[in-house]
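Chain by chain, the residues run as shown.
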Amino acid sequence: MEELVGLREGSSGNPVTLRELFSPCPRIRRGIRDGLEWLKQKLFHVSEDWHLLMTLGVLMALISYAMDFAIGRVVRAHQWLYREIGDSHLLRYLSWTMYPVALTSFSSGFSQSITPFSGGSGIPELKTILTGVVLEDYLDIKNFGAKVVGLTCTLASGSTVFLGKVGPFVHLSVMMAAYLSRVRNKAIRESENDSKQKEMLVAAAAVGVATVFAAPFSGVLFSIEVLSSHYSVWDYWRCFFAATCGALMFRLLPVFNSEQETITTLFKTSFRVDVPFDLPEIFFFVVLGAICGIVSCAYLFCQRTFLGFIRTNWFLSKLLATSKPMYSTLATLILASITYPPGVGRFLASRLSMKEHLDSLFDNNSWALITRNSSPPWPPEPDSQNLWFEWYHPRFTIFGTLAFFLVMKFWMLILATTIPMPAGYFMPVFVFGAAIGRLWGEALSLAFPEGIMAGGVTYPIIPGGYALAGAAAFSGAVTHTISTAILAFELTGQILHALPVLMAVLAANAIAQSCQASFYDGTIIVKKLPYLPWIRGRGISSHGVIVEHFMNCTITTLAKDMPLEEVVKVVTSTDVAEYPLVESTESQILVGVVRRAQLMQALQTESPSWAPGHQQCLQDVLAGGCPMEPITLQLSPETSLHQAHKFFELMNLQSLFVTSRGRAVGFVSWVELKKAISNLTNPPAPK
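J.: Before we go on, may I ask you to explain the overall build of the protein in this structure?
T.: Helix and strand counts for the protein stand at 27 helices and 9 strands. Among the 687 residues that make up the protein, the fraction classed as buried is 50%. Partitioning the intrachain contacts of the protein with sequence separation of at least 6 by distance along the chain shows that 74% fall at a separation of at least 24. By element, 62% of the accessible surface of the protein is carried by carbon and sulfur atoms, the whole surface being about 32100 Å².

J.: What should I look at first to understand the pairing of strand β6 (residues 578-582) in this one?
T.: A regular strand places its side chains so that they alternate between the two faces of the sheet. In terms of burial, β6 is a largely internal element, 4 of the 5 residues being buried. Here strand β5 (residues 558-559) runs beside β6; their pairing, made up of 2 bridges, is parallel. The residue bridging Leu558 from the neighbouring strand is Leu581, located in β6. The pairing of β6 with strand β7 (residues 590-595) spans 5 bridges and is antiparallel. Residue pairing in the sheet places Pro580 in a bridge with Val593 of β7.

J.: Just checking my understanding: could you explain unusual backbone geometry for this structure?
T.: Excluding glycine, residues mostly have negative phi values, and the peptide bonds linking residues are mostly trans. Although it is not a glycine, Phe162 adopts a positive phi angle of roughly 65 degrees. Structurally, Phe162 is set in the loop between α6 (142-156) and α7 (166-188). Phi at Ala349 takes a positive value of approximately 50 degrees, unusual for a residue other than glycine. Mapped onto the secondary structure, Ala349 falls in the loop between α13 (324-338) and α14 (354-361). Here Ala349 falls in the buried class, since its relative accessible area comes to 1%.

J.: How do you make sense of the packing of aromatic side chains when you look at a structure like this?
T.: Aromatic rings in a pair are described by how distant their centres are and how their planes are angled relative to each other. The final tally for this structure, using the stated rule, is 27 aromatic pairs. With centroids separated by 6.5 Å and ring planes inclined at 55 degrees, the aromatic side chains of Phe410 and Phe432 adopt a geometry described as tilted. Taken together, the residues Phe410 in helix α16 (residues 397-416) and Phe432 in helix α17 (residues 426-447) connect sequence positions 22 residues apart. Judged by relative accessible area, which is 3%, Phe432 ranks as buried. Relative to Tyr520, the ring of Phe519 lies with its centre 5.6 Å away and its plane at 90 degrees, an arrangement referred to as edge-to-face. Residue classification places Phe519 among the buried positions, given a relative accessible area of 6%. Since its relative accessible area comes to 3%, Tyr520 is described here as buried.

Quick notes on the rules
- Residues numbered from 1 in each chain as written.
- Predicted model: local features only at pLDDT ≥ 70, side-chain atom pairs only at ≥ 80, totals over all residues.
- Heavy atoms only, no water.
- Helix = DSSP H or I, 4+ residues; strand = E, 2+ residues; numbered from the N terminus.
- Buried < 20%, exposed > 50% of the residue type's maximum accessible area, 1.4 Å probe, protein only.
- Contact = heavy atoms within 4.5 Å.
- Areas by Shrake-Rupley, 256 points an atom, 1.4 Å probe, with all protein chains shown as cover.
- Pairing = 2+ DSSP bridges.
- Phe/Tyr/Trp six-rings, centres within 6.5 Å; stacked < 30°, edge-to-face > 60°.

Written out as structure tokens, the structure is:
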């Protein structure tokens, strides 16, 4: 201990230590220390978290750019190896297939060896977490490195596997937000706040999308549509601020690295500006939306069925349980063999990357009209100025290659979604939808080679506009979102097709939402994650069903006047997390809840002090310090199913007690709600 030496001359009366008295510049040192303390209080103020949001956006932009940089180097190395290995078909085949096989098997093995939570997209689990369910260790920062390395290897495998980045990067962003929240809590010595952490997680989801596509608007809207059943306006500015910081930094980094001269869109287009589409074409865009909706229903049904088959088949389920890298190797070998360019890959434009796929499909020229009187050669290497050459074959024509691409990619995408490694599934369906739109646009341009006449003026059809609408419509139908239209505008900088693209997306969503669950909801169902289904459709009479019809009446209560011997019997014979506490055994008036763990600890502390001949009751334990939590929300037997469902969604509840005139008569949990909704949507057959 340092001894105080008294008061400094001219000081305000505060004593100083010996070290402070003889240290150089004591006033400056104290001023700096006070200034740092003030800065700490301002930065980590309870109600202000702008610095965390900005840090989150900048960090995720740096990570996204670094991943893209590394992926680009690995992909170019693969292209160089395939190009320089010689003319031997065997060597070229091995270089084309073994490279992605090695990457995907390493991605699967490495990520799964670190943590089993790093595989897949991550969005279905995030939806479950934001509904109030606790998934242990899913947001732990140790998963971050495993997912970054695994996702980088997955994307470096190129167009052979044909997977994306969005879903895993949303998971990465949420993990980083959870880590920053914990750092903040430790810095200000504050306990964890669930509501504040949820605000950060919602903003992080928007950052994840924004730092992949440099699209802050669609990032915020996508996070609202996909991850939230109800959205708090309080989170709105946080999401936009964090997403804008991330998107801006992500677009500035290529400029700083001299890769670009200025900030530009990711996918450049050259659509006609004066009249991009004519009024009669609105009908064709709506028909395209309907086609995308129908195809999305088939895709979602087949994907969910195949995923269920994988989990129930004894051989495949055992292979996935014991040797995930082996399954990844076999699946990738099948996909890479099919995409081998001199073989079937010649008709799948397999030499193009995902970005080049979209760049070519958004071309505003009509390939069908160009190739009607000429036959362009297939270049030895993809021509960056004429990427559409990769889609042409003299025997198949443009229509044959596009149709073959759609048929093959339909089941290849489904197979790729079953590979247990970090991967996103949004970008593949976006490209698939662009191919649907391109095929439809080429057919219209061939049917109307001179264009469509309106008002005495003939306007040629732009197939690239239909590809843009198809990409937004199909991806929106698969994910049950409308924000894919905004994403298409931000990716291409094309706002001219706003009306037809939105109408196509709405038409596709109307069909998909009425027939199938979304891709993420379907994955939740197959994985059997905790899930509260929506009440959809006006035909479901949820207002006519009341809580009394489906509540669980088997309820174990503890009364204040209950003897401790009976309390011990109840606690040891049941394993529920909490017990409803009533005023007395006779009245059964609900007054609160007691947690089982705290009650057992209190009983163990109280048991040595039990006096012989004196019968103690639960009231004595409660008075001795066992905490009781008040009941802030409860249901009535007359509450409708619709209202109860809204309570659970808005408050992120797991269960609620049911009281009649204050008396505890039962409880409702997710199990009862799901069963009641299932009985409404699929009524049981009469006996």
